[in-house]
Amino acid sequence: MLPAPHQALEPRDLPVPEAGPGQVLLRVLACGVCRTDLHIVDAELARPKLPLVLGHQIVGETEDGRRLGVPWLGWTCGRCRYCISGRENLCDFARFTGYDLDGGYAEYAVADERFCFPIPEGYSDVDAAPLLCAGLIGYRSLRLAGDAERLGLYGFGASAHIVAQVARHQGRRLFGFVRRGDEAARAFALELGCEWAGASDELPPEELDAAILFAPAGELVPAALHALAKGGTVVCAGIHMSDIPSFPYELLWEERVIRSVANLTRVDGDEFLALVPEVPVRTQVEVFPLEQANDALERLRHGGIRGAAVLQP
Ligand SMILES: [Zn+2]
Ligand SMILES: [Zn+2]
């Protein structure tokens, strides 16, 4: 449990939560670790519930033995202008798992069943966990990149390693960008189907039709604009990013676009989880026991995870 921002998570003995109306009680089987969790710990997101159980990539088992996934979007009002126009990801009153609501760094969790997804067959608990945010929000980012043939992925962590597989399946050409000098990440990007991989301040051998930024570094926005062809889009996939340095208008000129991606809709989840076994997406995970949640977060902070980190109670 996170007692307050900037503190380490502390183990706590909590009662098994009680499912309210419309909710299910889940025994947590696995929970993915996401960069957003670090942004919450670091107080880069303004208003978490405190104390808070982090974790929004929960694979859990219901009391009647079904395996359900709980994503970041935990509840929406169903009535605001965003909800009624198919944009529940932007709901004015949305509640998020592991932020407004206690999440899955725990042995038990409750969730509104309307926002849970069945876990696809053939995926183990730990392999499925990163699909629920890294995969799902990555998929939404990919969709918002349009029909770009030449796609740049900046930051080769949990999201990119899943999105790369989906994008290749869709016949796109991939270009990977990693921290300068991070040879392991560069090799990982090539292994996952990038035809070229280099440092994020390098220009790829060809112009890109779109770029998705998974790394939370604002200076990547002008760097990615530099790499774009006319009419190309830079998609910022993260929930938080350091400030974007100013840049000449010329970089944006010729109908280049910069956009962000916020949260997910249940339609994204249904589409993505139907696609996962077709690709088929193979996640690479590093599993930590729940008690080592702080270690997992620190490893993620320093870029030391290959693929995705997953906690197991
Ligand atoms: Zn996340
Ligand atoms: Zn709403």
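The rules behind these values
Position numbers for residues start from 1 in each chain and track the written sequence from start to end. All chains are assigned letters beginning at A, and all ligands numbers beginning at 1, according to the order in which they are written. Selection of residues for local features in this predicted model requires a pLDDT of at least 70, selection of side-chain atom pairs for listing and counting requires 80 or more, and totals for whole chains, interfaces and linings are taken over all residues. The burial label depends on the number of other C-beta atoms within 10 Å of a residue's C-beta. Counts of 20 or more mean buried, 12 or fewer mean exposed, and intermediate counts mean partly exposed, with C-beta atoms placed from the backbone. The numbering of helices and of strands both runs from the N terminus, where a helix is a DSSP run of H or I of at least 4 residues and a strand a run of E of at least 2. Note: the arc covers the axis-to-C-beta directions of the helix. Each residue is represented by a C-beta atom placed from its backbone, and any two residues with such atoms within 7 Å are regarded as in contact. For this entry, the nonpolar core is defined as buried Ala, Val, Leu, Ile, Met, Phe, Trp, Tyr and Cys residues connected by C-beta atoms within 7 Å. What fixes the domain bounds is an automatic or database domain assignment. The pairing criterion for strands is at least two bridges between them, as found by DSSP. Axis definition: a line fitted to C-alpha atoms, over the contacting stretch in the case of helices. Angles run 0 to 180 degrees between N-to-C directions. Geometric relationships in this document are graded by angle, where less than 35 degrees denotes roughly parallel, more than 145 denotes roughly antiparallel, 65 to 115 denotes roughly perpendicular, and other angles denote oblique. Crossings are classed by handedness, with left-handed meaning an anticlockwise turn of the near helix from the far one by less than a right angle and right-handed meaning a clockwise turn. Ten residues, namely Ala, Val, Leu, Ile, Met, Phe, Trp, Tyr, Cys and Pro, are considered nonpolar, four, namely Asp, Glu, Lys and Arg, are considered charged, and the remaining ones, Gly among them, are considered polar. Handedness rule for crossovers: strands pointing away from the viewer, path from the first strand over the helix to the second running clockwise, crossover right-handed.

(A) Structural view of helix 7 (residues 266-275). When we look at burial in helix 7, the residues that qualify are D268, G269, F272 and L273. Projected down its long axis, helix 7 carries its buried residues within an arc of 115°, all on one side. Exposed positions of helix 7 whose direction lies more than 90 degrees from the buried face are V267, D270 and A274. Elements that come into contact with the buried residues of helix 7 comprise strand 7 (117-118) and helix 3 (134-144).

(B) Focus on the nonpolar core. L153, I212, L213 and A224 are the most contacted members of the largest nonpolar core, which totals 102 residues. For this core, the two domains that each supply at least three residues are domain 1 (23-132 + 283-312) and domain 2 (136-260).

(C) Seen up close, the domain arrangement of the protein. You can read the domains of the protein as domain 1 (23-132 + 283-312) and domain 2 (136-260). Computed from C-alpha atoms alone, the centre-to-centre distance between domain 1 and domain 2 is 24 Å. Between domain 1 and domain 2, the contact holds 16 residues from the first and 12 residues from the second. With 3 residues, the top contributor of residues to the side of domain 1 that touches domain 2 is helix 1 (residues 35-41).

(D) Spatial organisation of the sheet that holds strand 10 (residues 194-199). In spatial order, the strands read 10-9-8-11-12-13; together these 6 strands make up an open sheet with parallel pairing. Looking at which strands have only one partner, the edges of the open sheet turn out to be strand 10 and strand 13 (257-260). Direction aside, the axes of adjacent strands within the sheet are offset by 20° on average. One ladder, built from 5 bridges, connects strand 11 (residues 208-213) with strand 12 (residues 228-236); its direction is parallel. Its bridge partner being in strand 12, A211 is matched across the sheet by V234. Across the sheet, helix 5 (residues 183-191) is in contact with strand 9 (173-178) and strand 10; its angle to strand 10 comes to roughly 165°. Strands strand 8 (150-154), strand 11, strand 12 and strand 13 of the sheet are contacted by helix 6 (residues 220-227), whose axis makes an angle of about 150° with strand 12.

(E) Representation of the packing of helix 3 against helix 4 (residues 158-169) in the model. For the pair helix 3 and helix 4, interaxial distance at closest approach is 8 Å and the crossing angle is 55°. With respect to each other, helix 3 and helix 4 are oriented oblique. Considering the relative orientation of helix 3 and helix 4, their crossing is right-handed. Counted together, A134, G135, I137, G138, Y139, S141 and L142 of helix 3 and A158, S159, I162, V163, V166 and A167 of helix 4 form the full contact between these two elements. The class makeup of the residues in the contact of helix 3 with helix 4 is 9 nonpolar, 4 polar and no charged.

(F) Inspection of the packing of helix 3 against helix 7 at higher detail. Interhelical geometry of helix 3 versus helix 7 gives an angle of 105° and a closest axis separation of 9 Å. Put simply, helix 3 runs roughly perpendicular to helix 7. Facing G135, L136, Y139 and R140 of helix 3, the residues of helix 7 in contact are D268, G269 and F272. A per-class count over the contact of helix 3 with helix 7 returns 3 nonpolar, 2 polar and 2 charged.

(G) Here's a closer look at the pairing of strand 12. Taken together, strand 11, helix 6 and strand 12 form a β-α-β motif whose crossover is right-handed. Strand direction decides the pairing type here: strand 12 and strand 13, joined by 4 bridges, are parallel. Across the sheet, the residue bridging to C236 is S260, located in strand 13.

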